[in-house]
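In case you want the letters, here they are:
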Amino acid sequence: MGKIIAVVNQKGGVGKTTTAVNVTASLTALGKKILLVDFDPQANATSGMGIARKKGRQTVYNCLLGEETASNAIVHTAYGDVLPSSADLAGAAVELVTMPQPHSYLRVLLERLRESYDAIFIDCPPSLELLTLNALAAADGILVPVQCEYYALEGLSDLMNTLRMVKKRINPRLEIFGVVLTMFDGRTNFSNQVAQEVRRHFPGKVYSGAIPRSVRLAEAPSHGVPITVYDRAGRGCAAYRTIAEQIRRQLES
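My aim in this report is to walk through the structure given alongside it, one point at a time. Just so you know, the residues in each chain are numbered from 1, in the order the chain's sequence is written. pLDDT decides what is reported in this predicted model: residues at 70 or higher carry local features, side-chain atom pairs at 80 or more are listed and counted, and totals for whole chains, interfaces and linings draw on all residues regardless. Here the side-chain values reflect all heavy atoms present in the structure, with hydrogen atoms and water set aside.

1. So, the side chain of N62
Secondary structure elements follow DSSP: runs of H or I of four or more residues count as helices, runs of E of two or more count as strands, with numbering from the N terminus. For N62, the location among the structural elements is in helix α3 (residues 60–64). Owing to a relative accessible area of 11%, N62 belongs among the buried residues under this scheme. Whether two residues are in contact is decided by their heavy atoms, any of which lying within 4.5 Å being enough. Contact partners of N62, with chain neighbours within four places excluded, come to R57, E67 and E68. Any residue under 20% of the maximum accessible area for its type is buried, any over 50% is exposed, and the rest in between are partly exposed; the area is computed with a 1.4 Å probe on protein chains only.

2. Some words on the pairing of strand β5 (residues 119–123)
Within β5, five of the five residues are buried, which leaves the element mostly enclosed by the surrounding structure. At least two bridges found by DSSP between two strands is the condition for calling them paired. Relative to β5, strand β1 (residues 3–7) is paired through five bridges, and the arrangement is parallel. Paired with I4 across the strands is I120, a residue of β5. For strand β2 (residues 34–38) and β5, the ladder comprises five bridges, and the chain directions are parallel. Residue pairing for β5: V37 is matched across the bridge by I122.

3. Examining the pattern of salt bridges
Put simply, a salt bridge is a Lys or Arg side-chain nitrogen that is within 4 Å of an Asp or Glu carboxyl oxygen. Scanning the model with the defined rule gives 15 salt bridges in all. Salt-bridge contacts for K33 lead to D81; the nearest nitrogen and oxygen are separated by 3.6 Å. Of this pair, K33 sits in the loop between α1 (16–29) and β2 while D81 sits in strand β4 (residues 80–83); the two residues are 48 residues apart in sequence, bridging distant segments of the chain. For D81, a relative accessible area of 7% puts it in the buried group. Several salt bridges share partner residues, and in doing so they unite K32, E245, R248 and E252 into one network.

4. Here we look at the pairing of strand β7 (residues 175–182)
Summarising burial for β7: seven of the eight residues are buried, a large majority. Judged from the seven bridges that link them, strand β6 (residues 141–147) and β7 form a sheet pairing that is parallel. Its bridge partner being in β7, P145 is matched across the sheet by V180. Note that the unit made of β6, helix α8 (residues 156–169) and β7 has a crossover that is right-handed. Call a crossover right-handed when, viewed with both strands pointing away from you, the route from the first strand across the helix to the second goes clockwise.

5. Details of the layout of surface pockets
There is about 520 Å³ of room inside the largest pocket. Only α1, α2 (44–48) and α10 (215–219) provide two or more residues apiece to the lining of the largest pocket. A total of five residues in the lining of the largest pocket trace back to one element, the largest contributor, which is α1. Each residue receives one of three labels: charged for Asp, Glu, Lys and Arg, nonpolar for Ala, Val, Leu, Ile, Met, Phe, Trp, Tyr, Cys and Pro, and polar for the others, Gly being one of them. Classifying every residue of the lining of the largest pocket gives 13 nonpolar, twelve polar and four charged. Here a cavity means grid points, on a 1 Å grid over the protein atoms only, where a 1.4 Å probe fits yet cannot get out; a pocket means an open set of points with protein on both sides within 12 Å along at least five of seven lines; lining residues are those with an atom within 4 Å of a point. Forming the boundary of the second largest pocket are T46, A52, R53, K54, G56, R57, T59, N62, S85, S86 and D88. Grid points are joined across faces, edges and corners, and a volume is the space filled by probe spheres set on the points.

6. Side note on empty space enclosed by the protein
Under the defined criterion, the tally for this structure stands at one cavity of 30 Å³ or more. One number sums up the size of the largest cavity: a volume of about 30 Å³. Every residue along the wall of the largest cavity is listed here: N9, K11, V14, P145, V146, Q147, A152, E154, G155 and L156. For the lining of the largest cavity, the residue count by class is five nonpolar, three polar and two charged.

7. Here we look at the sheet that holds β7
Within the open sheet, the seven strands sit side by side as β3-β4-β2-β5-β1-β6-β7. Their pairing is mixed. Each edge of the open sheet carries a strand with a single partner, namely β3 (75–77) and β7. Averaged over all pairs of adjacent strands, the angle between strand axes in this sheet comes to 25°, irrespective of strand direction. Working convention: axes come from line fits to C-alpha atoms, limited for helices to the stretch in contact. Angles between N-to-C directions cover 0 to 180 degrees. Each of β1, β5 and β6 touches helix α7 (residues 130–138); the most contacted strand, β1, lies at about 150° to it.

8. Points about the side chain of D123
As for its placement among the helices and strands, D123 is situated in strand β5. Contacts described as polar in this section are N or O atom pairs within 3.5 Å, which, within protein, must combine one atom able to donate a hydrogen with one able to accept it, while residues neighboring in sequence count only if both atoms come from side chains. Side-chain polar atoms of D123 contact the side chain of T17, separated by 2.9 Å. With residues up to four places along the chain from it excluded, the contact list for D123 reads V7, K16, T17, A20, L36, V37, D38, F39, D40 and A45.

9. Digging into the nonpolar core
In these notes, a set of buried Ala, Val, Leu, Ile, Met, Phe, Trp, Tyr and Cys residues joined through side-chain atoms within 4.5 Å is what counts as a nonpolar core. Formed by 54 residues in total, the largest nonpolar core has its most connected members in V37, F39, L83, L106, L110, I122 and I142. Considering each element in turn, this core owes the most residues, six residues, to α7. The next biggest cluster of nonpolar side chains, apart from the first, holds 34 residues, and it includes A20, F177, L217 and Y230.

10. Considering a nonpolar patch on the surface
Surface patches are defined over residues having more than 30% relative accessible area and no salt bridge, joining like charges when they lie within 9 Å and nonpolar side chains (Val, Leu, Ile, Met, Phe, Trp, Tyr) when within 5 Å. Here, Shrake-Rupley sampling with a 1.4 Å probe gives the accessible areas, and only protein chains in the shown set may cover a residue. Where nonpolar side chains cluster on the molecular surface, the patch consists of Y150, Y151 and F190 and spans about 360 Å² of accessible area. By the element assignment, Y150 lies in the loop between β6 and α8.

The quantities given are spatial measurements derived from coordinates; they are silent on function.
Written as structure tokens, this is what we have:
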């Protein structure tokens, strides 16, 4: 049975979608069957996996509301399967809040899919709201990208409080699956200090192989391909492959 992992951090610009896309692609390259659920109305993970936004495409929004089955909406790519998003998803929070158990809709949707995959990654919005709560209710664990810069740990206490609340009231199996250090610059003492502080806060949960600050990583989404295609020999690609190897071992343990 595949793991469901929410890629979450309510702070924007930390490399959350970049991590979701490139971990998906790297694990797929390692032979794992992976589904990436784009649960952000900005749909950046959808375009980052090379899926064009087009009118009439069925998305996770249609699946949540029961208008389409996930199997029909999933797009198969060379880098992994994707349940795409669109701007329509922004309205889902308004529609779901009036329904019974509004946090449970994504969980019901993904439970039907988990047997078909080694792992399902959910790219969450950069805020702690109803869509993110749906992702946390559906997930077995969270993957947290943390930027190696000032204020990196700010807001993580809010995320941990939300994690504890969800675990207590909604989803007792929810755990921290892992922490990814992003935008790391090993030449600076400050990046190293932040990395050390994150490891202190999350003992045994931080992956080795921090993701470097990289122009090529930033460019890849505009070409609609993950870094494993755009810059195979680059440092960013090597770092995500290192992370993926560690995640592969977790999935197989």
